[in-house]
Amino acid sequence: MKTIEVDEELYRYIASHTQHIGESASDILRRMLKFSAGQNPPAASAASAPVTQVQPVRSEARPQDRVRAVRELLLSDEYAEQKKAVNRFMLVLSTLYRLDPEAFAEATASLQGRTRVYFAGDEHTLLQNGTHTKPKHVPGTPYWVITNTNTGRKCSMVEHIMLAMQFPQELAEKVCGTI
């Protein structure tokens, strides 16, 4: 196994193409490049390869597939191993974004407190809109979120996002009960 360094923007792009919890970056890239194990790489140099623009596409996942994905997250070893509410909160946010980036963006755009902005595209915006916000990058997304809120507020944010994304109320409650 080799290690490569990629910039934050490229990392977020690759991570945004995750199809299931635990999928490795190698698996994601193989799928995106249509490259299978043991296959020889193309002989063409990178300089001669055509450049194409990649546009984000709204997720067309069926509602029951989205519900299943959230339930699978709650049952996953990765989720169960998280000892801190903030880490479970971040996993839930990453999963919701992956399932429907556009709906996630719409849901978080209207989500803010009386004096604070909860979500932003960069750390600086969150630091400007509140003291001691402890912004963290939401893995696999272009978003940052404040994390120094109590667990109740984190649950409130997750519930707002899930209901705005049209998840069933009982599933939102179940997720909040695990954070």
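Basis of the calculations
- Residues numbered from 1 in each chain as written.
- Predicted model: local features only at pLDDT ≥ 70, side-chain atom pairs only at ≥ 80, totals over all residues.
- Heavy atoms only, no water.
- Helix = DSSP H or I, 4+ residues; strand = E, 2+ residues; numbered from the N terminus.
- Buried < 20%, exposed > 50% of the residue type's maximum accessible area, 1.4 Å probe, protein only.
- Areas by Shrake-Rupley, 256 points an atom, 1.4 Å probe, with all protein chains shown as cover.
- Pairing = 2+ DSSP bridges.
- Axes fitted to C-alpha atoms, helices over the stretch in contact; angles between N-to-C directions.
- Parallel < 35°, antiparallel > 145°, perpendicular 65-115°, else oblique.
- Contact = heavy atoms within 4.5 Å.
- Arc of directions from axis to C-beta.
- Disulfide = S-S within 2.5 Å.
- Phe/Tyr/Trp six-rings, centres within 6.5 Å; stacked < 30°, edge-to-face > 60°.
- pLDDT = per-residue confidence, 0-100.
- Expected span 1.5 Å × (residues − 1).
- Polar contact = N/O pair within 3.5 Å; in protein donor to acceptor, adjacent residues only side chain to side chain.

Per the secondary structure count, the protein includes 9 helices and 3 strands. Mapped in sequence order, the helices and strands of the protein form the string α-α-α-α-α-α-β-α-β-β-α-α. Across the 179 residues of the protein, 35% fall into the buried class. Accessible surface for the protein amounts to roughly 11,500 Å². Of this, 52% is attributable to carbon and sulfur atoms.

Reading across the sheet, the 3 strands line up as β1-β3-β2 and stay open at both edges, with antiparallel pairing between neighbours. At either margin of the open sheet sits one strand with a lone partner, and together these are β1 (119-120) and β2 (135-137).

Let us look at the packing of helix α5 (residues 85-99) against helix α8 (residues 151-164). In the contact formed by α5 and α8, the axes pass within 11 Å of each other and the chain directions differ by 10 degrees. As far as their axial angle goes, α8 and α5 are roughly parallel. Touching Ala 85, Val 86, Phe 89, Val 92, Leu 93 and Leu 96 of α5 are Thr 151, Lys 154, Met 157, Val 158, Ile 161 and Met 162, all from α8.

Let us look at helix α6 (residues 101-109). Turning to α6, its buried residues number three or more, namely Ala 103, Phe 104, Ala 107 and Thr 108. Here the buried residues of α6 occupy an arc of 125 degrees about the axis, which is enough to place them on one side. Along α6, exposed side chains directed more than 90 degrees from the buried face belong to Glu 106 and Ala 109. Looking at the packing, one finds that the buried side of α6 touches α5, β1 and α8.

Let us now look at the state of the cysteines. With the rule as written, the count across this model stands at 0 disulfides. For Cys 155, which is in no disulfide, the shortest distance to another cysteine sulfur is to Cys 176 and amounts to 4.4 Å.

Moving on to the packing of aromatic side chains. Scanning all chains against the criterion turns up 4 aromatic pairs. Ring geometry for Tyr 97 and Phe 104: centres 5.7 Å apart, planes at 90 degrees, overall edge-to-face. No difference in accessibility class separates Tyr 97 from Phe 104, as the two residues are buried. Note on Phe 104 and Tyr 143: the rings are 5.3 Å apart at their centroids and 65 degrees apart in plane angle, and the pair reads as edge-to-face. Of the two residues, Phe 104 is situated in helix α6 and Tyr 143 in the loop between β2 and β3 (144-146); the sequence distance between them amounts to 39 residues.

With 80% of its residues at a pLDDT of 70 or more, the protein shows a mean pLDDT of 81. pLDDT under 50 marks residues 44-59. Its contacts with residues more than four places away, or in other chains, come to 8 contacts.

Residue pairs three or four apart in sequence face the same way in an α-helix, which turns once every 3.6 residues. The terminal C-alpha atoms of α8 lie 20 Å apart, and with 14 residues this matches the ideal 20 Å at 1.5 Å per residue to within 8%. Considered for burial, the residues of α8 that qualify are Lys 154, Cys 155, Met 157, Val 158, Ile 161 and Met 162. Considered in projection along α8, the buried side chains sweep an arc of 160 degrees and stay on one side of the axis. The N-terminus of α8 is capped by Asn 150, whose side-chain oxygen sits 3.1 Å from the backbone nitrogen of Gly 152.

A few words on unusual backbone geometry. Residues other than glycine seldom take positive phi values, yet Lys 134 does so here, at roughly 50 degrees. Its location among the elements puts Lys 134 in the loop between α7 (123-128) and β2. A positive phi angle is found at Gln 166, which is not glycine, with a value near 65 degrees. Take Gln 166: it is sitting in the loop between α8 and α9 (169-178). What makes Gln 166 exposed here is its relative accessible area of 70%.

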